Amino acid sequence: MSVQAGEQARGSQRKGVSLRFSQEGIVFLLTMLMFVGFSILLPNFLTSGNVIALMRSVSVLGMLALGMSLVVIGRGVDLTMVSTLVVGVVWAVKMANDGMPFGQALFYGGLLVAGFGMVVGLIVAFAEIPPIFTTLAMAPVIFGIGNPFLFKQDTHNAPQGVTWLNELGFGASFGIPNTILVFAAVALVMHLILRYTRFGRSIYAMGDNPAAARLSGLPVRPITVAQYMMTALVAYLVGIVILGSNSGINSRLAYTTLVYDVLLVVVLGGIGLSGGRGGVRNVIVGTLFVGTLLSGMTILNLSLTAQNFIKSLVMLLALIADTVANPRDEQTSQQGDI
Amino acid sequence: MSAADTLVQLRYRFLPDHVVGEVLSKRWTDNAIPFIALLLTLAVFGSVNPGMFTAFGMYDLAGQIAEFGLLAIALTLVMISGGIDLSIGSVFALCAMTVLTALNVYNLPLPVAVGITLGVGAVCGAINGVLIGYLRLRAFLTTLVTLVMFRSIYEMVLPKFATQIVLGMPDSVVWDELGFGSFLGLPYAFFLSALIALIWHVVLSRSRPGWHIAAVGGARRSAHNAGINVRLVVCLTYVFCGMMVAAAATLFAARLTSVGTDTGLGMEISVLTAVILGGTTLGGGRGSVAKALIGSVIVLILTNGLLQLGVIGTVSALILGVVLLLAVWLDVRWVKNRQKLIDSSYVSPAYIKLTESVNAAENPVYAVNDKLRDVQTIGLGEVEGPEDVAVDRAGNIYSGSRHGEIHRWLAPDFTRHEIFAHIGGGTFGMNFDKDDNLVVCVGGMGLYMVTPEREVVKLTDETSRSLTSVIDDSRIRLADDLDIAPDGRVFFSEASIRYTVHDWPVDMIESRGNGRIICYDPRDKSTKTVLKNRIFPNGIVCLPDGESLLFNETWACRICRYWYDGKKKGQVEIVLDGLPGYPDNINRASDGNYWVCLVGMRGPALDMMMTRPGLRRRMTRRIAPANWIYPNINTGCIIKISATGEVLESLWDKGGVNHPMVTSCKEHEGHLVIGGVSNNRVGRWKIPGADPTWSSPVDYWGAKQ
């Protein structure tokens, strides 16, 4: 047998195991089942309009999840994403509507968002406050800075006459909506960063064992700050996509449970919250699952409350599955890790 | 002494460094920062908001504290065990709706309604508890999800009862009183909550279940290994948390008699802020009811004050978020650095100017000789660290050891040896009482007695606590030497209350006067401190006059006389000052004089450092203990003094072969029996010209009938 054949055999074996028994594989199968089931049972499900709407809503969720996965892999979490994107985009839109060129406004918005990310990262890295608390407390802080000080209204329409924004939201290239293409591009870039750059590999090392990463000389603190800044910028990009596809943005988005949906996608896809595991593929699988679920429930005409209930049930199951698949080790788990 | 020296002396005497550490090591200092924050908040918002301190303001605030405090205690319970519960806001809403529905819609009697409500809270808590305690899910995310879940249940059920709740009227006087009555100007709910808080305080700080909770949060694995059912404890904290939330919701429902879509919304953030502001640690192990209450009051005053100042919701959320972050940050720093500060400020040097020592040129009696070279060696290699020795009426030699045993070498040739008794702590000074019991000072344990039948009896291990002590100093840590007065009273020295057997030389670097002389009275079994703040009081010998004793202060290089009875009762006089070495034990000689052992000799460098406490302080903080300058306790000698302090002769081991360092010696039938705390032998030296019939037990207690 040639060496190549042997490698192939090993490769397929590994792939087979991971697809059959991992959480990712289970969720992927469930997605397929759900998709087929909805297609058969719900008459409107497989219409092209619904599938496009599904894909669109899914790509927003998916991009946010990609940003979130970056910190989750590094054993962090970022609950400020939605507040950050709302404040950044709404501020940029308001400045543009007040007369500033849209590009310039977007640039300032981006700076602000990067600043938010940096502050969060600095607090996590240097004040050593657990990320989950930092971001939980920073979410209202960021929104509180935005709402009375940078803008006061809830709804803001997209600035008129920006064609690329319209294209981004409603256009299509090669028959595929641009939104989905952006999602694909972000996924590709994220994949390349995580797999092939020193920065990406460092994130895995940090997530796997922060103490070891630090002792072996990785610049753990700067990487942490960079992580949160990148996540904030991804959130900002998502905000621009939302702005494009809705022709406007409502700052009350910050009050929704969107960020929990994002977390749901990440955890369901099989990225362990204890860090160091998973990648872009897991996010895509998780996104497809949650997107299908949301779409099905919307067509079933369930109330928002009932949807929340079902979502939280599914998320609980996902958490249990995560715990079973990635059991926490009493010996090595950090004291006070909640 | 120069004025500068006086200043240094006063500084290190009245502002001792260790007090910082001692104060910090008290549990209540944990609450100091939150308490100061509370006072600040009160001052700021009390001045900008004059309505707060009126009768109505207090009534209103007390009602809110009653509910909010219960919620904070609920979360504290969970957080001490190392978890967190974010679902309390939703559970709160569910429970408030439940009690109102039960009363207003179904007209159930009050106890039944409250029981159902507590049950709902317990079930919600049990869901969290099973998931987190038994299935080992992550607390934060799990309760975040159940928050959404309970909330959606609430929102689905509420429309069915909302109008009936408003229209219905419960037929209960108690319920109305609970909501609107008052006692001493404060609502009944306040007193009810205070009672519940008190119960939880006792449970958490003084009961086994409470300690189990803290143990699980402090070190989960150790708790498991100690036999605590970790999973059950974690699960139960969530159940009790749910019930406490239900209690708070009941009070809330009684006060407002209605619920809305925003009931309990965002409550978890403010309760969490309160708990963390109070100083409860994220991740468990540390927290208390007092902390929860302090935090609650701060947050309530803050949010109420901001509301009344007309600050809009998002900004007050911003302020709360910043306060939460600051509180966690301070807490993380505090926990991280407190122990460091305690450790680094432990050694606390004082100023001491030793009297100039006498050298051999001035007093030829100190001339180095080689008299101890020819001692008979007993038990070479069989005993480790015989700090003191004793000889009984039959001439058998007893010695202590580092291993906590009392050895006995049998007369007449001392080649046979047995373990007379095992006590368990390093055995120091020992003497026989009039019934031939061997009374022993045991380091770390106290004063013990071994009867001739080898029975070990504890005499005492604690004395009265001194009034000015910050940390409890009643326990005896380093009992060193003893002697027995003719009336049977045992006077013994505790060399240092701050250092133990293992690090006693560090006490020299302090030279603060950490020691004391304690009297144990066997007649009424009482123990009391008779002399305090002595500089390493060590050897003690009772004078035959029956009213005074001599004691050595090792680091002060002097011998003092203390009158415990008679005309001069309570007085202390210095008998001999400026010894060339550090005196250890002192015992009677056959000619009416006293044998004093010098454990080590002084050196000019260390003498000078004793007048520079700042230098010693820097030394202890900046360099490793192995590199500190320590007293020389390798070479010493034995001197004989008279009761008036005249030095008569000295015995040395110039070659350092047998007894370079001696801590104790006892005369018996013309011989001197010698012990040393770092020796591996006992020595026996024939005293030229000594009374060959004199023995210590006979001298003390007379010949046996």
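Predicted, not measured: the structure shown is a model, and the values here were computed from it. Every chain is numbered on its own, with residues counted from 1 as its sequence reads. Each chain gets a letter, beginning with A, and each ligand a number, beginning with 1, in the order they are written. Reporting in this predicted model follows two pLDDT cut-offs: at least 70 for local features of residues, and 80 or more for side-chain atom pairs to be given and counted; totals over whole chains, interfaces and linings ignore these cut-offs and use all residues. Derived side-chain values reflect all non-hydrogen atoms in the structure, with water molecules and hydrogen atoms excluded from consideration.

*Asks:* What should I look at first to understand the environment of Gly539(B) in this one?
*Replies:* Residue and element names in this part refer to chain B. Helix and strand definitions here come from DSSP, where helices need a minimum of 4 consecutive H or I residues and strands a minimum of 2 consecutive E residues; each element is numbered from the N-terminal end. Relative to the assigned elements, Gly 539 resides in strand 16 (residues 537-542). For the pair Gly 539 and Leu 482, spaced 57 residues apart in sequence, the C-alpha to C-alpha distance is 7.1 Å. When neighbours within four sequence positions are excluded, Gly 539 is seen to be in contact with Asp 481, Leu 550, Phe 551, Asn 552, Asp 584, Asn 585 and Ile 586. Contact definition: two residues touch when any of their heavy atoms are within 4.5 Å.

*Asks:* Can you walk me through the packing of aromatic side chains in this structure?
*Replies:* By convention here, two paired aromatic rings are described through the distance between centres and the angle between planes. Residue and element names in this part refer to chain B. The rule is short: rings of Phe, Tyr and Trp, with Trp giving its six-membered ring, pair when the centres are within 6.5 Å, and they are stacked under 30 degrees, edge-to-face over 60, tilted in between. Throughout the structure, instances matching the rule amount to 19 aromatic pairs over all chains. Taking 5.8 Å as the distance between ring centres and 85 degrees as the angle between the ring planes, the aromatic pair formed by Phe 190 and Phe 191 counts as edge-to-face. Residue class for Phe 190 comes out partly exposed when judged on its relative accessible area of 26%. Working definition: with a 1.4 Å probe on protein chains only, accessible area under 20% of the residue-type maximum means buried, over 50% means exposed, and in between means partly exposed. Residue classification places Phe 191 among the partly exposed residues on the basis of a relative accessible area of 30%. On the basis of an interplanar angle of 45 degrees and a centroid distance of 4.9 Å, the ring pair of Phe 536 and Trp 555 is categorised as tilted.

*Asks:* Before we go on, may I ask you to explain the interface of chain A and chain B in this structure?
*Replies:* Accessible area lost during the coming together of the parts is what is often quoted as the interface size. Listed per partner, the contact involves 44 residues of chain A and 45 residues of chain B. Carbon and sulfur atoms supply 74% of the area buried between chain A and chain B, which totals about 4,000 Å² over both sides. Any Lys or Arg side-chain nitrogen located within 4 Å of an Asp or Glu carboxyl oxygen qualifies as a salt bridge. Note that Glu128(A) is salt-bridged to Lys336(B), the shortest N-O span being 3.1 Å. Secondary-structure elements contributing two or more residues to the side of chain A that touches chain B are helix 5 (102-127), helix 6 (131-150), helix 12 (258-269) and helix 14 (304-325) of chain A. At 14 residues, helix 6 of chain A tops the list of elements feeding residues into the side of chain A that touches chain B. We call Asp, Glu, Lys and Arg charged. Ala, Val, Leu, Ile, Met, Phe, Trp, Tyr, Cys and Pro are nonpolar, and the rest, Gly among them, are polar. Residue classes in the side of chain A that touches chain B are distributed as 29 nonpolar, eleven polar and four charged. As used here, buried area is the combined drop in accessible area, with a 1.4 Å probe, of two parts when they are placed together.

*Asks:* For this particular structure, what's the right way to read the packing of helix 4 (residues 55-80) of chain B against helix 13 (residues 267-277) of chain B?
*Replies:* Helix packing geometry: the angle between the two helix axes and the distance between the axes. All names here are of chain B. Packing of helix 4 against helix 13 leaves a shortest axis separation of 9 Å and a crossing angle of 70 degrees. The orientation of helix 4 with respect to helix 13, classified from their angle, is roughly perpendicular. On helix 13, the residues touching Phe 68, Leu 71, Ala 72, Leu 75, Thr 76 and Met 79 of helix 4 are Met 267, Ser 270, Val 271, Leu 272, Ala 274, Val 275 and Ile 276. For the contact of helix 4 with helix 13, the per-class residue count stands at eleven nonpolar, two polar and no charged. Comment: axis = line fitted to C-alpha atoms, over the contacting stretch for helices; angle = value between 0 and 180 degrees taken between N-to-C directions. For classification, angles of less than 35 degrees are called roughly parallel, those exceeding 145 degrees roughly antiparallel, those between 65 and 115 degrees roughly perpendicular, and all remaining angles oblique.

*Asks:* Can you help me understand the pattern of salt bridges in this one?
*Replies:* Any two side chains of opposite charge can pair, given that their charged atoms come close. The final tally for this structure, using the stated rule, is 38 salt bridges over all chains. Close ionic contact of Glu128(A) with Arg221(A) constitutes a salt bridge, the shortest N to O distance being 2.8 Å. Linking Glu128(A) in the loop between helix 5 and helix 6 with Arg221(A) in helix 11 (residues 220-246), this pair joins segments that are 93 residues apart in sequence. Arg221(A) gets classed as partly exposed once you look at its relative accessible area, which sits at 27%. In this structure, the salt-bridge partner of Arg11(B) is Asp17(B), at a minimum N-O distance of 3.3 Å.

*Asks:* I would appreciate a short explanation of the sheet that holds strand 17 (residues 548-553) of chain B in the present structure.
*Replies:* Remark on secondary structure: sheet strands pair via backbone hydrogen bonds, oriented parallel or antiparallel. Residues and elements named next belong to chain B. Two strands qualify as a pair provided that DSSP identifies no fewer than 2 bridges between them. In space, the four strands of this open sheet follow the order 16-17-18-19, with antiparallel pairing throughout. Because the sheet does not close on itself, it has two edges, and the strands there are strand 16 and strand 19 (572-576). Averaged over all pairs of adjacent strands, the angle between strand axes in this sheet comes to 30 degrees, irrespective of strand direction. Relative to strand 18 (residues 558-563), strand 17 runs antiparallel, the two sharing six bridges. Residue pairing for strand 18: Phe 551 is matched across the bridge by Cys 560.

*Asks:* What is the right way to read the pairing of strand 12 (residues 479-484) of chain B from this model?
*Replies:* The two faces of a sheet get side chains in turn, since along a regular strand they alternate between them. Judged by how many residues are buried, strand 12 of chain B sits mostly within the fold: six of six residues are covered. Connecting strand 12 of chain B to the antiparallel partner strand 13 (residues 490-494) of chain B that follows it, the hairpin turn spans five residues, and Gly488(B) within it adopts a positive phi of roughly 100 degrees.

*Asks:* Can you walk me through the side chain of Gln307(A) in this structure?
*Replies:* By the secondary structure assignment, Gln307(A) is in helix 14. For Gln307(A), the contacting residues outside a window of four places in its chain are Leu294(A), Met297(A), Thr298(A) and Leu302(A).

*Asks:* Hey, could you run me through unusual backbone geometry in this one?
*Replies:* Among all residues except glycine, the phi angle is most often negative; among peptide bonds, the trans geometry is most common. A cis geometry characterises the amide bond from Ala411(B) onward to Pro412(B), with omega recorded as 5 degrees. Following the sequence through the fold, Pro412(B) ends up in the loop between strand 6 (405-409) and strand 7 (417-422). Not every positive phi belongs to a glycine, and Asn301(A) is a case in point at roughly 65 degrees. Take Asn301(A): it is sitting in the loop between helix 13 (280-299) and helix 14. Its identity is not glycine, yet Lys525(B) carries a phi of approximately 55 degrees, on the positive side.

*Asks:* What exactly am I supposed to notice about the nonpolar core here?
*Replies:* Looking at soluble globular proteins, one finds that nonpolar side chains tend to be buried together. Take the buried Ala, Val, Leu, Ile, Met, Phe, Trp, Tyr and Cys residues and link them wherever side-chain atoms come within 4.5 Å; each set so joined is a nonpolar core. If you look at the biggest cluster of nonpolar residues, it comprises 203 residues, and the most contacted ones within it are Leu64(A), Met68(A), Phe133(A), Phe140(B), Trp175(B) and Ile276(B). Per-element accounting of this core gives the leading share, 15 residues, to helix 12 (residues 230-256) of chain B. When sequence neighbours within four positions are dropped, the list of residues in contact with Trp175(B) reads Val99(B), Leu100(B), Leu103(B), Leu110(B), Pro170(B), Thr250(B), Ala253(B) and Ala254(B). Listed in part, the 59 residues of the second largest apolar core include Phe492(B), Met508(B), Ile641(B) and Trp652(B).

Geometric values such as these leave the question of function open.
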